Amino acid sequence: MSYRIGLVGKPSVGKSTFFNAATMNDVPEGAYPFTTIDPSVGEAYVRVECAAPEFDETCTPNVGVCRDGTRFVPIELVDVAGLVPGAHEGRGLGNQFLTDLNETDALVHVVDFSGTTDVEGERTEGHDPREDIDFLEEELDAWYLDVLGKGLEKYETRYQGSEAAIEEELAEQMSAFGITKDGMKQVILAEGLELEPETWDEGDREELAREIRKRTKPMVVAANKTDTPEARENWAEITADPDYDHLSFVPASAHAEKALKNADEAGIVDYTAGDDDFEVVGDVSGEQAAGLDAIREHVTEYGGTGVQTALEAAVFDVLGCIAVFPGSANGSKDEKGVFRDCFLLPEGATTEDFAYHIHSDIGEGLLHGTDCRSGRQVGTDRELSHRDVIELISTKQAAP
């Protein structure tokens, strides 16, 4: 299973450029609405410090790559069709957008921080990026509220006057969002509400829908085009605005990331995705040199282009994922290679979860794990940590 990150935002803000920069795919780009109609799915990566050097080994990745001790672990990136206000009512590509969006684990909202595209994705000047941030949250909240309302209507029709559990009915109605009965109950109580929907007013319902959305569709804002003066001014203002403290922001320049990767492939620069600098190793014209100098100014000031950082913020910070390496008795090798795999697991994953993640047969026969760094046995219910190297001791082997 690969984590699936949704790339969202209004038309013409650079979503497709961001997608291409992250995946090096070739999807259409253009400064006009709905360049993307059907969602594009590509392989992107998040960085993990490789464990192999600690065991005096050189890894042989089964998927992804390892470069200078940094492992690039695959995730799925989905460039979802452009969104406009009223999507939850079916406006624009709204219905398709929401369907595609619901198949993702977290969102990266690409926002044009230069203010040169309006809320419809048309060219303009002086647009406030706050409006774009707000409208996406409002559209998602309205969508969740609509689904929540249908669940409440069903509950009132089926169980009027009974003591049926409201959290069970709402969890069933909103199961597509990945919320369980226990999770629903937790959210209701956390909002200070009683488990009796007749006591809720419209404001309670709106706050509940918003909180469910925040928990099931966590979001990172990629502040795109921060290599422009206007975007830098907006960045300083918006990130200091307490109204947006609930969001994670990453300054980004999708154009710079794509330019550096193209230059690296052409042998002009030596660049690794996510680095905060690069080296010019080929011949460049005066115009190219000036362009690279401008990019260097951005990556130096912000610690990179932001594309890689935004993906990692979504996976590790917002979703709380951990990376775990399978090991063997000597901590590193098996008959098929050295540190071949690195798996992304949810926060709180146990040795048993890890075993089932690799294969159900291994999970069913699991006896215990071994921490390959310390050599100590670990129980099946032991919570794993980021970059653990764990050997799984099982009575069963994975089916071929």
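Owing to the predicted nature of the structure, the values given are computational and were not obtained by experimental measurement. (Residues numbered from 1 in each chain as written. Predicted model: local features only at pLDDT ≥ 70, side-chain atom pairs only at ≥ 80, totals over all residues. Heavy atoms only, no water.)

Draft legend 1. Spotlight on the confidence of the model for the chain. When pLDDT is averaged along the chain, the result is 89; 88% of the residues meet or exceed 70. Across the chain, strand S13 (residues 343-345) holds the top mean pLDDT of 98, while strand S11 (residues 333-334) sits lowest at 56. A low-confidence stretch, residues 27-37 stays under pLDDT 50, and its non-local contacts, those more than four residues away or across chains, total 34 contacts. (pLDDT = per-residue confidence, 0-100. Helix = DSSP H or I, 4+ residues; strand = E, 2+ residues; numbered from the N terminus. Contact = heavy atoms within 4.5 Å.)

Draft legend 2. Structural context of the pattern of salt bridges. All chains considered together, the criterion is met by 26 salt bridges. Two residues, Lys-150 and Asp-146, come together in a salt bridge whose shortest N-O distance is 3.5 Å. Here Lys-150 and its partner Asp-146 are both found in helix H3 (residues 129-159), 4 residues apart, which amounts to about one turn of the helix. Judged by its relative accessible area of 42%, Lys-150 falls in the partly exposed class. For Asp-146, a relative accessible area of 40% corresponds to the partly exposed category. Put simply, Arg-232 and Glu-301 hold a salt bridge, and the shortest N to O gap is 2.8 Å. One end of the pair, Arg-232, is in helix H7 (residues 229-239); the other, Glu-301, is in helix H9 (residues 286-302), with 69 residues separating them in the sequence. (Salt bridge = Lys/Arg side-chain N within 4 Å of Asp/Glu carboxyl O. Buried < 20%, exposed > 50% of the residue type's maximum accessible area, 1.4 Å probe, protein only.)

Draft legend 3. Region of interest: the side chain of Asn-102. Following the sequence through the fold, Asn-102 ends up in the loop between helix H2 (94-101) and strand S5 (106-112). At 3.0 Å, the side chain of Asn-102 and the backbone oxygen of Ala-176 are in polar contact. With residues up to four places along the chain from it excluded, the contact list for Asn-102 reads Trp-143, Ala-176, Phe-177 and Lys-217. (Polar contact = N/O pair within 3.5 Å; in protein donor to acceptor, adjacent residues only side chain to side chain.)

Draft legend 4. Seen up close, the packing of aromatic side chains. Within this structure, the stated rule accounts for 10 aromatic pairs. Ring geometry for Tyr-144 and Phe-177: centres 3.9 Å apart, planes at 15°, overall stacked. Here Tyr-144, found in helix H3, pairs with Phe-177, found in the loop between helix H4 (166-173) and helix H5 (181-190); they are 33 residues apart in sequence, far enough to count as distant. Of the two residues, Tyr-144 and Phe-177, both sit in the buried class. Aromatic ring contacts, followed pair by pair, group Phe-113, Trp-235, Phe-249 and Tyr-302 into a single cluster. Looking at Arg-296, its charged tip hangs above the ring of Phe-278, at a distance of 4.2 Å from the centre. (Phe/Tyr/Trp six-rings, centres within 6.5 Å; stacked < 30°, edge-to-face > 60°. Lys NZ or Arg CZ within 6 Å of the ring centre and 35° of its normal.)

Draft legend 5. Broad picture of the environment of Met-24. Along the chain, Met-24 turns up in the loop between helix H1 (15-23) and strand S2 (40-49). Sequence separation of Met-24 and Glu-43 is 19 residues, and the distance between their C-alpha atoms is 8.8 Å. Beyond its immediate chain neighbours, meaning those up to four positions away, Met-24 contacts Phe-19, Lys-261, Asn-262 and Glu-265.

Draft legend 6. The arrangement of the packing of H1 against helix H8 (residues 254-265) in detail. Relative to each other, H1 and H8 sit at 35°, their axes nearing to 8 Å. The handedness of the crossing between H1 and H8 comes out as left-handed. Judged by residue contacts, Thr-17, Phe-18, Asn-20, Ala-21 and Ala-22 of H1 engage Ala-254, His-255, Glu-257, Lys-258 and Lys-261 from H8. By residue class, the composition of the contact of H1 with H8 is 4 nonpolar, 3 polar and 3 charged. (Axes fitted to C-alpha atoms, helices over the stretch in contact; angles between N-to-C directions. Left-handed = near helix turned anticlockwise from the far one by under 90°. Nonpolar A, V, L, I, M, F, W, Y, C, P; charged D, E, K, R; others polar.)

Draft legend 7. The arrangement of helix H11 (residues 351-358) in detail. Buried within H11 are the following residues: Thr-351, Phe-354 and Ala-355. Each buried residue of H11 lies within a common arc of 100° when the element is viewed along its axis, so the set occupies one face. Where H11 is buried, its residues contact strand S10 (322-326), S13, helix H12 (360-364), strand S14 (366-371), strand S15 (377-378) and strand S16 (388-394). (Arc of directions from axis to C-beta.)

Draft legend 8. Region of interest: the pairing of strand S4 (residues 70-79). Burial within S4 is extensive, with 8 of its 10 residues counted as buried. The pairing of strand S1 (residues 4-8) with S4 spans 4 bridges and is classified as parallel. Each bridged residue has a counterpart across the sheet, and for Ile-5 the counterpart in S4 is Leu-77. Relative to S4, S2 runs antiparallel, the two being bridged by 10 bridges. If you follow Val-46 over to S4, its bridge partner there is Val-73. Here 3 bridges tie strand S3 (residues 65-67) to S4, and the two strands are oriented antiparallel to one another. The residue of S4 that forms the bridge with Val-65 is Phe-72. Counting the residues that bridge the hairpin from S3 to S4 gives 2 residues, and of these Asp-68 lies at a positive phi of roughly 55°. (Pairing = 2+ DSSP bridges.)

Draft legend 9. Broad picture of unusual backbone geometry. Even without a glycine there, the phi angle at Asp-56 is positive, about 55°. Summarising the element assignment, Asp-56 is placed in the loop between S2 and S3. Phi at Lys-225 is positive, roughly 70°, even though this residue is not glycine.

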